[in-house]
Amino acid sequence: MDFKKRLKTAENDIYILAIESSCDETAVSVNKNGLEVLSNVVSSQVEFHKKFGGVVPEIASRKHLELILPVIDEALNKAGIDFKDLDAVAATYGPGLVGGLLVGLTAAKTISLMLTIPLIAVNHIAGHIYANFIDNPDIKKPLLCLTISGGHTDLLYFEDLKGYNILGRTRDDAAGEAFDKIARFMGLGYPGGPAIEKEAKKGDPDAVDFPRAIMDENSYDFSFSGLKTAVMNYINNQEQRGEKINKADIAASFQEAVVDSLISKLIKAAEEYDVKSVVLSGGVAANSRLRQAAADEVKKMNLDFYYPSLNLCTDNAAMIGAAAYYQYLDRDFAPLSISAEPSLRL
Ligand code: KG4
Ligand code: ZN
């Protein structure tokens, strides 16, 4: 396969079809020059997984198989782009659920082979970070990025967009995972983050003093399993004593503990590293209490603060297309033999 003679440089318009299928959203976008999103179609499977209280991998794989071709068609139609206009095709290759990843990756490989265009394999977490630049292409660097999703909690330092240092990550549950587990325990439904946020709006964040993980002062690592256990023990004790459970107060107090834990490390890093901007990314960055509290703290330090718009926080393909564009310019292409990597890290 030889696409090398047709490769473009940043002076030309570059159209990339991007596929995201790592969890329970079948998502396809068409991006022009990385950050211009011509279409961004997300077909959510939430309704199919809701009754099980979480994502069922086998159901997710089957739904991705059913949805992938119609969603690709819809993304191309909405963008007004034909297969022949594409310069590259990108797909998330990890981390995530292997069945879903394989569906997206196989579709991308097929398109790459049929059109003789490069295949770009994108790390899902990198995609979440690039989501910020779609809304705000001129974010000043160096920057700190807190990436918080259902599977990840990473604090990263970027000198420029070419490389990053990982300052800290969770030692146990991811922030979103903690939201999902507590929501399920409280019978608030799935996905847990939005359910807790909604319930918390009716409650008092100071009602219950849940623990904030006290880790080594010099570490930027996070931990949420102690908090999760504390909330479960609190509810169990209340029930044993026959006391009424105030779900709104518990949700608000739990959310506040997560927000405090995240922000304390973020601010500590912002004080220590010479950065111009602080950004949030990932599904948990959709949380309005976290956005507000982080904005208040970061602005006190006279730093710029950004987070992606709601539809770019949670899983989508436009963020994968944005990351893929920079890989295209670096000629960072994947062989057709590449496989899904469910445990891929940054
Ligand atoms: O980035 P994402 O869509 O998928 C992963 O890469 O994991 O993140 C999903 C996670 C879930 O755990 C979900 O409960 C959480 O993000 N989430 C939220 C909110 N919206 C989604 N957590 C807190 N507050 C929200 N509003
Ligand atoms: Zn994600």
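Just above sits the structure.
Calculation criteria
Counting restarts for each chain, with residues numbered from 1 along the sequence as it is written. As they are written, the chains are lettered A onward and the ligands numbered 1 onward, keeping that order. Where local features are concerned, this predicted model is filtered to residues with pLDDT of at least 70; where side-chain atom pairs are given and counted, the filter is 80 or more; whole-chain, interface and lining totals use all residues. The side-chain numbers reported here are obtained from all heavy atoms of the structure, hydrogens and water having been left aside. Between any two strands, at least two bridges found by DSSP are needed for them to pair. Segments assigned H or I by DSSP are reported as helices when at least four residues long, segments assigned E as strands when at least two residues long, and all are numbered from the N terminus. Simply put, an axis is a line fit to the C-alpha atoms, just over the touching stretch for a helix, and the angle between two N-to-C directions goes from 0 to 180 degrees. We call two residues contacting when some pair of their heavy atoms lies within 4.5 Å. Roughly parallel here means an angle under 35 degrees, roughly antiparallel means over 145, roughly perpendicular means 65 to 115, and every remaining angle is called oblique. A donor here means an N, O or S atom no more than 2.8 Å from the metal, or no more than 3.2 Å when the metal is Na, K or Ca. Since water is not included, a site may seem to lack partners. Accessibility here uses a 1.4 Å probe with only protein chains present; expressed as a share of the type maximum, an area under 20% marks a residue as buried, one over 50% as exposed, and anything in between as partly exposed. A helix is expected to reach a length of 1.5 Å times the quantity of its residues less one. In these notes, a set of buried Ala, Val, Leu, Ile, Met, Phe, Trp, Tyr and Cys residues joined through side-chain atoms within 4.5 Å is what counts as a nonpolar core.

Some details on the sheet that holds strand β6 (residues 143-148)
The strands making up a sheet associate through backbone hydrogen bonding, with each pair oriented either parallel or antiparallel. Strand order across the open sheet formed by 5 strands is β8-β7-β6-β9-β10, with mixed pairing between neighbours. A single partner strand is all that each edge strand has here, and the edge strands are β8 (163-169) and β10 (304-306). Pairwise comparison of adjacent strand axes, ignoring direction, gives a mean angle of 20° for this sheet. Direction of pairing for β6 relative to strand β9 (residues 277-281): parallel, over a ladder of 5 bridges. When the bridges of β9 are listed, Leu 143 appears paired with Ser 277. Seen against the sheet, helix α8 (residues 247-272) touches β6, β7 (153-160), β8 and β9 and runs at an angle of roughly 160° to β6.

Section: the packing of helix α5 (residues 175-185) against helix α7 (residues 225-240)
The interhelical angle for the contact between α5 and α7, taken along N-to-C directions, is 10°, at an axis separation of 10 Å. What the angle tells us is that α5 and α7 run roughly parallel. Taking contact as the criterion, the partners of Lys 181, Ile 182 and Phe 185 in α5 are, on α7, Lys 228, Val 231, Met 232, Ile 235 and Asn 236.

Here we look at the coordination of the zinc ion (ligand 2)
Those donors, His 124 (NE2), His 128 (NE2) and Asp 315 (OD), are the protein atoms that reach the zinc ion (ligand 2), and they lie 2.0 to 2.1 Å from it. Spacing between the donor residues of the zinc ion (ligand 2) along the chain follows H-x3-H-x186-D. In this pair, His 128 is assigned in helix α4 (residues 124-135) and Asp 315 in the loop between α10 (310-313) and α11 (318-329), connecting sequence segments 187 residues apart. When sorted by exposure, His 128 lands in the same class as Asp 315, which is buried.

Regarding the sheet that holds strand β4 (residues 88-94)
With mixed pairing, the 5 strands of this open sheet are ordered in space as β3-β2-β1-β4-β5. Sheet topology places β3 (36-44) and β5 (119-123) at the edges, where each strand pairs with a single neighbour. When strand polarity is set aside, the average angle formed by the axes of neighbouring strands in this sheet is 20°. Here 5 bridges tie β4 to β5, and the two strands are oriented parallel to one another. Opposite Thr 92, over in β5, you have Val 122 as the bridge partner. On the sheet, α4 packs against β1 (15-20), β3, β4 and β5 and is oriented at approximately 90° with respect to β5.

Thoughts on helix α6 (residues 192-200)
Most of α6 sits inside the fold, with 7 of its 9 residues counted as buried. Listing the buried residues of α6 in full gives Gly 192, Gly 193, Ala 195, Ile 196, Glu 197, Glu 199 and Ala 200. Where α6 is buried, its residues contact α5, α8 and α9 (288-300).

A look at α11
For α11, with 12 residues, the first-to-last C-alpha span of 17 Å sits near the 16 Å given by 1.5 Å per residue. With 10 of 12 residues buried, α11 is to be regarded as a mostly interior element. Residues of α11 that are buried include every one of Ala 318, Met 319, Ile 320, Gly 321, Ala 322, Ala 323, Ala 324, Tyr 325, Gln 327 and Tyr 328, and no others. The first or second residue beyond α11 is Arg 331, which carries a positive phi of 55°.

Comments concerning the nonpolar core
Membership of the largest hydrophobic core comes to 50 residues, with the highest contact counts inside it found for Phe 254 and Leu 262. Of all elements in the fold, only β6, β7, α5, α6, α7, α8, β9 and α9 reach the threshold of two or more residues within this core. With 13 residues, α8 is the single largest residue contributor to this core. In contact with Leu 262, not counting residues within four places along its chain, are Leu 146, Ile 148, Thr 153, Ala 175, Phe 222, Phe 224 and Leu 290. Membership of the second largest hydrophobic core comes to 32 residues, among which are Ile 120, Ile 129, Ala 317 and Tyr 325.

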